[in-house]
Amino acid sequence: MAIEHDYFGLLSSGPDGSIFWSETVELGDQSVTVDLTAPDQDDVSADALDIAASLIAGLESVDDTARRGMLAEVDDRTSEVTEYILQQQETYGDDLPDVLVDVSGDAAVDIIRSLRLMSMTILADEHGGSEPFAVLEYALDDSSTDDVLLVNLGSDGSVQSVMSAD
């Protein structure tokens, strides 16, 4: 079986009924891997695919929303964003300014601004549910697979949570 969509084209399902679509999208000077997945194509609605397509088409706006969500957690000393920032400061030490895009003097803001959006995974079967519909993966160093922040978005595009990948 398959699902056809204007943006995604023909989404064929695997033998187990799952669907998977992947593409590399340009965002400024970054290449972002975008995956759309669902364990059962019967759980994917046309609305979910339309919303997924709009998230991809509006990736710059989605990125801005995610970064604002991270910034909103900086004042909370127990948040995973704060822990991530402290960890990056400790890891890079005096070399931190060398990896930052902009140095304003506010380390938290500078680190969040300098994070690279590595990937966005859209969980198409989670449309309208309480689980994340999209997960954005950010890292300060694009070769690091462990030191990442994950921003979970609802199908309405709002930030549900931000967590480290530990």
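What counts as what
- Residues numbered from 1 in each chain as written.
- Predicted model: local features only at pLDDT ≥ 70, side-chain atom pairs only at ≥ 80, totals over all residues.
- Heavy atoms only, no water.
- Salt bridge = Lys/Arg side-chain N within 4 Å of Asp/Glu carboxyl O.
- Helix = DSSP H or I, 4+ residues; strand = E, 2+ residues; numbered from the N terminus.
- Buried < 20%, exposed > 50% of the residue type's maximum accessible area, 1.4 Å probe, protein only.
- Phe/Tyr/Trp six-rings, centres within 6.5 Å; stacked < 30°, edge-to-face > 60°.
- Axes fitted to C-alpha atoms, helices over the stretch in contact; angles between N-to-C directions.
- Parallel < 35°, antiparallel > 145°, perpendicular 65-115°, else oblique.
- Left-handed = near helix turned anticlockwise from the far one by under 90°.
- Contact = heavy atoms within 4.5 Å.
- Nonpolar A, V, L, I, M, F, W, Y, C, P; charged D, E, K, R; others polar.
- Pairing = 2+ DSSP bridges.

**With respect to the pattern of salt bridges**
Then, number 1: Taken as a whole and judged by the stated rule, the model has 3 salt bridges.
Then, number 2: Between R67 and D63 there is a salt bridge, with its nearest N and O atoms 3.0 Å apart. Of the two residues, R67 and D63 are both situated in helix α2 (residues 59-72); the distance of 4 residues between them amounts to about one turn of the helix.
Then, number 3: Note on D63: relative accessible area 8%, which makes it buried.
Then, number 4: For D110, the salt bridge identified is with R113, shortest N-O distance 4.0 Å. You can see D110 and its partner R113 sitting in helix α5 (residues 107-114), 3 residues apart, about one turn around the helix.

**With respect to the packing of aromatic side chains**
Then, number 1: Evaluated as defined, the whole model comprises 3 aromatic pairs.
Then, number 2: Look at F8 and W21: their rings are 4.8 Å apart centre to centre, the planes differ by 85°, and that puts the pair in the edge-to-face class. With F8 in the loop between β1 (2-5) and β2 (9-12) and W21 in strand β3 (residues 19-27), this pair connects stretches of sequence that are 13 residues apart.
Then, number 3: Residue W21 is classed as buried on the basis of its relative accessible area of 11%.
Then, number 4: Cluster of aromatic residues (ring-pair linked, three or more members): Y7, F8 and W21.

**Quick notes on the packing of α2 against α5**
Between two packed helices, the angle of one axis relative to the other and the distance separating the axes together describe the packing.
Then, number 1: Packing of α2 against α5 leaves a shortest axis separation of 10 Å and a crossing angle of 155°. The angle between the axes of α2 and α5 places the two elements in the roughly antiparallel class. Like other packed secondary-structure pairs, α2 and α5 cross with a definite hand, here right-handed. Every residue of α5 that contacts α2 at R67, M70 and L71 is listed here: V109, I112, R113 and S114.
Then, number 2: The residue inventory of the contact of α2 with α5, partitioned by class, reads 4 nonpolar, 1 polar and 2 charged.

**Focus: the pairing of strand β8 (residues 159-164)**
Then, number 1: By the bridge criterion, 5 bridges tie strand β7 (residues 148-153) to β8 in an arrangement that is antiparallel. When the sheet's bridge partners are listed, N152 is paired in β8 with S161.
Then, number 2: What sits between the antiparallel neighbours β7 and β8 is a turn of 5 residues, in which G157 has the positive phi angle 85°.

**Here we look at the environment of L115**
Then, number 1: Note that L115 resides in the loop between α5 and β5 (116-123).
Then, number 2: Each C-alpha atom of the pair L115 and L59 lies 15 Å from the other, and the pair is 56 residues apart in sequence.

**Observations regarding the pairing of β7**
Then, number 1: Counting buried residues along β7, 6 of its 6 residues qualify, which places the element largely inside the surrounding structure.
Then, number 2: Burial along β7 is two-sided: the face carrying V148, L150 and N152 and the face carrying L149, V151 and L153 are both buried.
Then, number 3: By the bridge criterion, 6 bridges tie strand β6 (residues 134-139) to β7 in an arrangement that is antiparallel. Residue pairing in the sheet places V135 in a bridge with N152 of β7.

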